[in-house]
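Tertiary structure, described
Listed below are the residues making up each chain.
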Amino acid sequence: AQSVTQLGSHVSVSEGALVLLRCNYSSSVPPYLFWYVQYPNQGLQLLLKYTSAATLVKGINGFEAEFKKSETSFHLTKPSAHMSDAAEYFCAVSEKSMRFGAGTRLTVKP
Amino acid sequence: DTAVSQTPKYLVTQMGNDKSIKCEQNLGHDTMYWYKQDSKKFLKIMFSYNNKELIINETVPNRFSPKSPDKAHLNLHINSLELGDSAVYFCASSREGADNSPLHFGNGTRLTVT
């Protein structure tokens, strides 16, 4: 079965700094990959999804992710962190059902 | 105009009790899900229904019984609650269960079993 692994359970950046959240996938076929964000006491919201149309995927709130087959990676980036980006971020792969990574908590320092 | 709504938001109960969580979606989606999120934020799928039919049942104890009266509703009934059932339960929906369809989540039900 397909799966994703998120490297780093907690990432801390300063406001205005680059955000990089790492996700690696394991799949024998081209995967459908997603990034979701979860704010406190809320459900998950879709940030972006990869469906093989383009390797660089742009999402909401200035986030983007690049699909790299050679590295089996789908890392999430944002050039400049904002305080409102502080949340839990989940990478996910979909094969008959959506399966999530363990999550990465992003903290943004003023 | 909430897309996926679940009730109640909080549920505190004692061991051995039976409780239900309700979920409704107004997105016109055919597929609905229940996920369990533990204290470490790990999300695990429990059930998936497509147009009222059970599609996925992920090794969940049979104390948990989902019921889908129509494709817009998926309720979760839990019998004989145990301490380990304490978690946040999320309902979600998607178009026809297609692999490239994102999930739309409710805001969760925090279940605390004492």
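Above this note sits the structure.
Residues numbered from 1 in each chain as written. Chains lettered and ligands numbered in written order. Predicted model: local features only at pLDDT ≥ 70, side-chain atom pairs only at ≥ 80, totals over all residues. Heavy atoms only, no water.

Helix and strand content of chain A: 0 helices and 11 strands. Element order for chain A, N to C, with α for helix and β for strand: β-β-β-β-β-β-β-β-β-β-β. Computed over C-alpha atoms, the radius of gyration of chain A comes to 13 Å, within 12% of the 13 Å expected from 2.2 N^0.38 for 110 residues, which places it in the range of a compact globule. Overall size of chain A, expressed as C-alpha extent along the three principal axes, is 40 × 25 × 20 Å. Burial statistics for chain A: of 110 residues in total, 45% are counted as buried. Pairs at least 24 apart in sequence give 55% of the contacts found in chain A among residues at least 6 apart. When the accessible surface of chain A is totalled, it reaches about 5200 Å², and 53% of it is carbon and sulfur. If the 10 positive side-chain charges of chain A are averaged to one point and the 7 negative ones to another, these points end up 4 Å apart. (Helix = DSSP H or I, 4+ residues; strand = E, 2+ residues; numbered from the N terminus. Rg over C-alpha atoms; globule rule 2.2 N^0.38 Å. Buried < 20%, exposed > 50% of the residue type's maximum accessible area, 1.4 Å probe, protein only. Contact = heavy atoms within 4.5 Å. Areas by Shrake-Rupley, 256 points an atom, 1.4 Å probe, with all protein chains shown as cover. Lys, Arg positive; Asp, Glu negative; His and termini not counted. Charge placed at Lys NZ, Arg CZ, Asp CG, Glu CD.)

A few words now on the state of the cysteines. Residue and element names in this part refer to chain A. Inspection of the entire model under this criterion finds 2 disulfides over all chains. The disulfide bridge from Cys 23 ends at Cys 91, spanning 1.9 Å between sulfur atoms. Where Cys 23 bonds to Cys 91 through sulfur, the torsion about that S-S bond is close to -60 degrees, and the disulfide is left-handed. Linking Cys 23 in strand E3 (residues 19-26) with Cys 91 in strand E9 (residues 87-95), this pair joins segments that are 68 residues apart in sequence. (Disulfide = S-S within 2.5 Å.)

With that settled, the discussion passes to the sheet that holds strand E8 (residues 73-78) of chain A. Two pairing modes exist for strands in a sheet, parallel and antiparallel, and in both the strands are linked by backbone hydrogen bonds. Residues and elements named next belong to chain A. One open sheet holds the 5 strands; their spatial order is E1-E3-E8-E7-E6, and the pairing between them is antiparallel. One side of each edge strand has no neighbouring strand; the edge strands of this open sheet are strand E1 (3-7) and strand E6 (56-58). Strand-to-strand twist across the sheet, computed as the mean angle between neighbouring axes with direction ignored, equals 20 degrees. As judged from the 3 bridges shared by E6 and strand E7 (residues 64-68), these two strands associate in the antiparallel manner. (Pairing = 2+ DSSP bridges. Axes fitted to C-alpha atoms, helices over the stretch in contact; angles between N-to-C directions.)

Residues Leu 33, Trp 35, Leu 47, Leu 48, Phe 74, Leu 76 and Tyr 89 of chain A are the most contacted members of the largest nonpolar core, which totals 27 residues. Looking at this core, the elements with two or more residues in it are strand E2 (10-14), E3, strand E4 (32-38), strand E5 (44-50), E7, E8, E9 and strand E11 (104-109) of chain A. Setting aside residues up to four positions removed in sequence, Phe 74 of chain A forms contacts with Cys 23, Leu 33, Phe 34, Trp 35, Leu 48, Tyr 50, Val 57, Ala 65, Glu 66 and Phe 67 of chain A. Core analysis: the second largest hydrophobic core is formed by 20 residues, Val 4, Met 32, Trp 34 and Ala 87 of chain B among them. (Core = buried A, V, L, I, M, F, W, Y, C linked by side-chain atoms within 4.5 Å.)

So, about the interface of chain B and chain A. Each partner contributes to the interface: chain B provides 20 residues, whereas chain A provides 21 residues. With both sides pooled, the region where chain B packs onto chain A buries about 1700 Å², and carbon together with sulfur makes up 54% of that total. On the chain B side of the contact with chain A, Leu 43, Asp 99 and Asn 100 of chain B bury the most area, a combined 29% of that side's loss. In this assembly, chain B and chain A are joined by 1 salt bridge. Taking the shortest distance from any N to any O, the salt bridge between Glu 58 of chain B and Arg 99 of chain A comes out at 3.1 Å. Elements with a minimum of two residues in the side of chain B that touches chain A: strand E4 (31-37) and strand E5 (43-50) of chain B. Across the side of chain B that touches chain A, the residue classes tally to 9 nonpolar, 5 polar and 6 charged. (Buried area = accessible area lost by both parts, 1.4 Å probe. Salt bridge = Lys/Arg side-chain N within 4 Å of Asp/Glu carboxyl O. Nonpolar A, V, L, I, M, F, W, Y, C, P; charged D, E, K, R; others polar.)

To continue, consider a positive patch on the surface. Side chains of Arg 105 of chain A together with Lys 9, Lys 41 and Arg 110 of chain B sit close together on the surface and give a patch of like positive charge. Mapped onto the secondary structure, Arg 110 of chain B falls in strand E11 (residues 109-113). Given the relative accessible area of 39%, Arg 110 of chain B is considered partly exposed. (Patch = residues over 30% accessible without salt bridge, like charges linked within 9 Å, V, L, I, M, F, W, Y side chains within 5 Å.)

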